[in-house]
Amino acid sequence: MPARSRKRHPTMADVAAQAGVSHQTVSRVINNSPSVRPDTASRVRAAIVDLGYRPNRSARMLASKHSRLIGVATWGTSHHGPQQVLLALDAAARRTEYRITVSTLHALTAEDTREAVEELLQLGVEAVVLIIPHDSMLRFAREADLGLPTVVVEGDLSRTPLTVGIDNVQGGQLATRHLLELGHRTVVHVAGPPGWAEASARVEGWRLELEAWGREVPPLRWGGDWSAQSGYEAGVSLARDPGVTAIFAANDQMALGVIAALREAGRRVPDDVSVVGFDDLPESAFIDPPLTSVRQDFGELGRRTMALLERVLGGEKDPTAELVPTSLVVRSSTAAPRVLAT
């Protein structure tokens, strides 16, 4: 019995034959060339659909000398922020002729960073995006000469010109202002880990707002590593201080840990202590009590990142992007203090 033959994939020549055109015309239609007459282009697209033809991306890359690939190096994709930025950038790229390819760091070291970026360069990417808002990434972006555009997401505009980010300073101000407007005398901040650009910016916003109101700026005794456990550990200590009536945590996970520690110590939220988070996780609306949080527009961040990439790849010199503003989502974890200090 003869062996069953494997079904052959349709080629550009098959499309050309069915549409009655040259393979050059098929190529022009695939690449959206305006030089093809509309009726001819329609005939070619119909043949592509009918035959189930899929253009060979590698062959197109060799022919055009452009990969249309954006390389993304990221860390901690289980963390809400980097994960959402990555998803938003991928969605934005899919609305253009570009696609992204990802290399993930397993540790925040110079060696891992170099390996991740080298992996991307070997794929022929046209630009590199670093979604690792840590000081080590800022140093890498400033010092490395990759020979192609390198964009830092959540970087420092004063240190890396190709930077796109959320206005974390504004977010810290919004959280602090909300608590002050409710009548709290001051606000304690449970900060993120040192070395992270987002954490530093949120500290700056908290401090600026307190100073603008002429209020005491409590010492930064409490920090975390973005985890609920670190928020809980800070909350255990804060719950013992009856003067603490308002807490701004650097992200929602730490805010959840703070609330758990307060409840365990018999401090009610928001009756005794108001708590604000940052990120506005999807789950934050459904905890007890629902968490007031600063919302980041990751979709807009992805769009602005992709727009900046297109501008620099199009030849624009030193393009910049404005920071994406934040907004405050007020829920039941914040309220006026029960008794104002005298």
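In the block above lies the structure referred to throughout.
The sections below set out a description of the structure shown in this document. Remember, it's a predicted structure, so these values are computed and weren't measured experimentally.

**Regarding helix H5 (residues 80-93)**
Relative to the 20 Å expected for 14 residues at 1.5 Å per residue, H5 spans 20 Å between its end C-alpha atoms, a close match to the ideal helical length. By the burial criterion, the buried members of H5 are His80, Gly81, Pro82, Val85, Leu86, Ala88, Leu89, Ala92 and Ala93.

**Here's the deal with the nonpolar core**
Formed by 26 residues in total, the largest nonpolar core has its most connected members in Ile70, Val129, Leu301 and Met306. Those elements that place two or more of their residues in this core are strand S1 (69-75), H5, strand S3 (127-131), strand S4 (150-153) and helix H12 (298-313). Excluding anything up to four places from it in sequence, Leu301 contacts Val85, Val153, Glu154, Val164, Gly165, Ile166 and Val324. Counting 22 residues, the second largest nonpolar core, distinct from the first, contains Val190, Ala250, Ala255 and Leu262.

**Focus on the sheet that holds strand S10 (residues 327-329)**
Ordered in space as S6-S7-S8-S9-S10, the 5 strands form an open sheet in which the pairing is mixed. A single partner strand is all that each edge strand has here, and the edge strands are strand S6 (188-190) and S10. Averaged over neighbouring strand pairs, the angle between their axes works out to 25° when direction is ignored. Contacting strand S7 (246-249), strand S8 (274-279), strand S9 (292-295) and S10, helix H8 (residues 168-181) runs over the sheet at an angle of about 165° to S8.

**Remarks on unusual backbone geometry**
Note the cis peptide between Val269 and Pro270, where omega equals 5°. Considering the arrangement of structural elements, one finds Pro270 in the loop between helix H11 (252-264) and S8. A positive phi angle, near 130°, is found at Asp279, a position not held by glycine. Among the structural elements, Asp279 can be located in strand S8. Residue classification places Asp279 among the buried positions, given a relative accessible area of 7%. In this model, Asp318 sits at a positive phi of 50°, which is unusual for a non-glycine residue. Position of Asp318 relative to the elements: it lies in the loop between H12 and S10.

**Some thoughts on the packing of aromatic side chains**
For the structure on display, the rule yields 2 aromatic pairs. Their ring planes at 85° and their centres at 6.4 Å tell us that Trp196 and Trp226 sit as a pair that is edge-to-face. One end of the pair, Trp196, is in the loop between S6 and helix H9 (197-212); the other, Trp226, is in the loop between H9 and helix H10 (228-238), with 30 residues separating them in the sequence. We note that Trp196, like Trp226, is buried. Here the aromatic rings of Phe248 and Phe278 are separated by 6.4 Å at their centres, their planes lie at 35°, and the arrangement is tilted. Of the two residues, Phe248 is situated in strand S7 and Phe278 in strand S8; the sequence distance between them amounts to 30 residues. For the pair Phe248 and Phe278, one class covers both residues: buried. The ring of Phe278 has Arg202 sitting right over it, with the charged end atom 3.7 Å from the ring centre.

**Focus: the pairing of S3**
Within S3, 5 of the 5 residues are buried, which leaves the element mostly enclosed by the surrounding structure. Taking every second residue as pointing to the same face, both faces of S3 are buried, with Ala127, Val129 and Ile131 on one and Val128 and Leu130 on the other. Alignment of S1 against S3, held across 5 bridges, turns out to be parallel. Residue pairing in the sheet places Thr74 in a bridge with Ile131 of S3. Note: S3 against S4, 3 bridges, orientation parallel. Directly across from Val128, in S4, lies its bridge partner Thr150. At this point the chain moves from S3, through helix H7 (residues 135-143), to the parallel S4, and the crossover so formed is right-handed.

**What about the side chain of Thr176?**
Here Thr176 lies in helix H8. At 2.8 Å, the side chain of Thr176 forms a polar contact with the backbone oxygen of Gly172. Discounting residues that sit within four places of it in the chain, Thr176 has contacts with Val187, Trp206, Glu209, Leu210 and Phe248.

Conventions and cut-offs
- Residues numbered from 1 in each chain as written.
- Predicted model: local features only at pLDDT ≥ 70, side-chain atom pairs only at ≥ 80, totals over all residues.
- Heavy atoms only, no water.
- Helix = DSSP H or I, 4+ residues; strand = E, 2+ residues; numbered from the N terminus.
- Expected span 1.5 Å × (residues − 1).
- Buried < 20%, exposed > 50% of the residue type's maximum accessible area, 1.4 Å probe, protein only.
- Core = buried A, V, L, I, M, F, W, Y, C linked by side-chain atoms within 4.5 Å.
- Contact = heavy atoms within 4.5 Å.
- Pairing = 2+ DSSP bridges.
- Axes fitted to C-alpha atoms, helices over the stretch in contact; angles between N-to-C directions.
- Phe/Tyr/Trp six-rings, centres within 6.5 Å; stacked < 30°, edge-to-face > 60°.
- Lys NZ or Arg CZ within 6 Å of the ring centre and 35° of its normal.
- Right-handed = clockwise from strand over helix to strand, strands pointing away.
- Polar contact = N/O pair within 3.5 Å; in protein donor to acceptor, adjacent residues only side chain to side chain.

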